Structure formats: structure tokens, C-alpha cells
Amino acid sequence: MNALDFNQNLHVQGAQAYTIRNETAQDEAAREALLDRAMGEGRRRKSSEKLRRGRLPSEGLAFVARGDDGMLLGSVRLWDIQAGHDAAGKPVRALLLGPLAVEPALKGHGIGVALMRHGISEAARLGHGAIILVGDPEYYERFGFEGEKTALLAMPGPVERRRFLALELKPGHLAGAHGLLSPRGRKPSRATQPAPVSLRFSM
């Protein structure tokens, strides 16, 4: 993927730039600290965590936003899952998005939107058929997520139905999909980390 430049006038603390790039192993500690600040310790008890535990994000679909000062400002990851079965009984492959997190002091300044748009774009480019998430529809509907596509699907744990949403990247990919979501992702290994790919933003 070629790097892209996109400038926004987000004057949080004067003119500053941030870059969205592929996550690497060096981002792990800062990412976990950011998730704790943004979401609290309860994040580890969510139903979505059952689909992520012991797995790696889908290849090429984990991103971070870092400021010019090196501070990690945001993170988003997408995971390989099975979204039940279709009407013919065949497994339906999809992605689970989350968590999406932004440094609390910078919420509302477009970093989360930029991460979402980049993640969706890359998932489509890589040929994935659909993305599922649990989140506030008031936020995620702007990206095309809706609850209708998950009506016959279930999470491996409690979930508020209005927050159980999906976006089809290929029309009809989730048609007839029913049953329980389950993990399909890669398990950790000594595989080579992806090379950083960057998109630059001004803030």
C-alpha cells in the first residue's frame, strides 16, 4: 500500500501532525496503556474479548496513530472470525473490529474517524466480505454499520442487541448468516512483524 497524506485542521494544542501506520510489536506496551486509559480494566471482560483472546489481529489490519512527538494517540484492530453459517450451512468468514480507542483528551478531533476509515478501506482492499462490531450505533452508523445484518447472529456472551452491528464490504456477504460468532484468527508465533506503513495527518 502506498502512503497517503491527509491534512486536517484539528488545533488541539497548536499545529501538530499524527501518522496512521501498521501496528508493530514495539507498539504493544503503549497500546495496552492507552486501552486501559480509554476503556478501563473492564474491557477484558467484554464478550468481544472471547473472540480475540489468544489470537492475533487479521494480517495487515492492526493500526496505530502516533503524534510527531512519538506519543500513541489511537489504535484499532480487526480480527478474523466465523460469523456462523449461511443458509446452505457453509461457514461465513468475517472480521471483528475492536477495540477502537483514542487518547481521552483528544476524543472528538477525528483520530477515531480516520482510524475507522483506514481500517475499513484496508479490509475491503484485502478482499474481506464483512466487518462486525459491538459499539454505539450513533457513532458507527456514519460508516455504514447497521444492526439488521446481525439479526440472526449471536456473540459468545451477553451483548446489547442495538450495539451489535455489521458492515458488508461485499453486498450480500452476510445474507442468511446465523449462529454463534467464533474465532478463526492466527495464534501468536514468531512470525515476522509487518513493515510499518504510514498515513500522515496534521492536527
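Reading guide: rules and limits
Each chain carries its own residue numbering, running from 1 in the written order of its sequence. For a predicted model such as this one, the threshold for reporting local features is a pLDDT of at least 70, and the threshold for listing and counting side-chain atom pairs is 80 or more; totals across whole chains, interfaces and linings nevertheless cover every residue. Neither water nor hydrogens contribute to the side-chain values; these are computed over all heavy atoms in the structure. Partly exposed describes any residue whose relative accessible area lies between the buried limit of under 20% and the exposed limit of over 50%, with all areas from a 1.4 Å probe on protein chains only and scaled to the type maximum. By definition, any uninterrupted DSSP run of H or I lasting at least four residues is a helix, any uninterrupted run of E lasting at least two residues is a strand, and each is numbered from the N terminus. The pairing criterion is simple: DSSP has to find at least two bridges between the two strands. Between the rings of Phe, Tyr and Trp (Trp by its six-membered ring), a pair exists once the centres lie within 6.5 Å; its type follows the angle of the planes, with under 30 degrees stacked, over 60 edge-to-face, and the other angles tilted. Two residues qualify as a contact provided that any one of their heavy atoms is within 4.5 Å of a heavy atom in the partner residue. Charged-residue counts in this description rest on Lys and Arg as positive and Asp and Glu as negative, His and the chain ends being excluded. Just to be clear on terms, a salt bridge is a Lys or Arg side-chain nitrogen sitting within 4 Å of an Asp or Glu carboxyl oxygen. Each polar contact in these results corresponds to two N or O atoms within 3.5 Å; when the atoms are within protein, one needs to be able to donate a hydrogen and the other to accept it, and residues that are neighboring in sequence are counted only if both atoms are side-chain atoms. The quantity known as pLDDT measures the predictor's confidence residue by residue, on a range of 0 to 100. Take the residue count of a helix, subtract one, and multiply by 1.5 Å to get its expected span.

Here we look at the pairing of strand E5 (residues 91–97)
The element E5 is largely enclosed, with a buried count of five among its seven residues. In this sheet, E5 lies alongside strand E4 (residues 72–85) in antiparallel orientation, the contact comprising six bridges. Bridged to His 85 within E5 is Pro 91. Between E4 and the antiparallel strand that follows it, E5, lie five residues; Gly 89 among them carries a positive phi value of about 90 degrees. As paired strands, E5 and strand E7 (residues 130–134) are joined by two bridges and run parallel to one another. Looking across to E7, one finds that Leu 96 is bridged to Ile 132.

Comments concerning the packing of aromatic side chains
Applying the stated rule across the entire model yields four aromatic pairs. Taking the centre distance of 4.9 Å and the plane angle of 80 degrees together, the rings of Tyr 139 and Tyr 140 count as edge-to-face. Since its relative accessible area comes to 24%, Tyr 139 is described here as partly exposed. Measuring from centroid to centroid gives 6.5 Å for Tyr 140 and Phe 143, while their planes differ by 50 degrees, and the two rings are tilted. You'll find Tyr 140 and Phe 143 in the same group, each marked buried. One aromatic cluster is present, formed by Tyr 139, Tyr 140, Phe 143 and Phe 145 through successive ring pairs.

As for the environment of Glu 146
Residue position: Glu 146 is located in the loop between helix H4 (137–140) and strand E8 (153–154). When its relative accessible area of 31% is taken as the criterion, Glu 146 is described as partly exposed. When sequence neighbours within four positions are dropped, the list of residues in contact with Glu 146 reads Phe 164, Leu 165 and Ala 166.

Considerations on the side chain of Asp 80
Tracing the chain through its elements places Asp 80 in strand E4. Despite its burial, Asp 80 pairs with no opposite charge; the closest candidate is Arg 186, at 5.2 Å N-O. For Asp 80, the side chain forms a polar contact with the side chain of Ser 58, separated by 3.0 Å. With residues up to four places along the chain from it excluded, the contact list for Asp 80 reads Ser 58, Ala 94, Leu 95, His 128, Pro 183, Arg 184 and Gly 185.

Overview of the confidence of the model for the chain
With 83% of its residues at a pLDDT of 70 or more, the chain has an overall mean of 87. A low-confidence stretch, residues 1–15 (pLDDT under 50), is modelled with 30 contacts involving residues beyond four sequence positions or located in other chains.

Thoughts on the pattern of salt bridges
In total, this model carries eleven salt bridges according to the counting rule given. Linking Glu 103 and Arg 37 is a salt bridge whose minimum nitrogen-to-oxygen distance equals 2.7 Å. Placement of the pair is Glu 103 in the loop between strand E6 (101–102) and helix H3 (111–125) and Arg 37 in helix H1 (residues 28–39), with a sequence separation of 66 residues. Given a relative accessible area of 44%, Arg 37 falls into the partly exposed group. Across the pair Arg 52 and Glu 49 runs a salt bridge, and its minimum N-O distance is 3.3 Å. Linking Arg 52 with Glu 49, this pair stays in helix H2 (residues 49–52), spanning three residues, or about one helical turn. Salt bridges sharing partners connect three or more residues here, namely Glu 23, Arg 31, Glu 32 and Arg 77.

A word on H3
The terminal C-alpha atoms of H3, which comprises 15 residues, lie 21 Å apart, in line with the 21 Å expected from a rise of 1.5 Å per residue. Most of H3 is tucked away: eleven of the 15 residues are buried. Every buried residue belonging to H3 is among Ile 111, Gly 112, Val 113, Ala 114, Leu 115, Met 116, His 118, Gly 119, Ile 120, Glu 122 and Ala 123, and all of these are buried. Just beyond H3, the residue with positive phi is Gly 127, at close to 90 degrees.

Remarks on the pairing of E7
Across the five residues that make up E7, a large majority, four, are buried. When E7 meets strand E9 (residues 164–168), the two strands line up antiparallel, connected through five bridges. Across the sheet, Ala 130 pairs through a bridge with Glu 168, a residue of E9.

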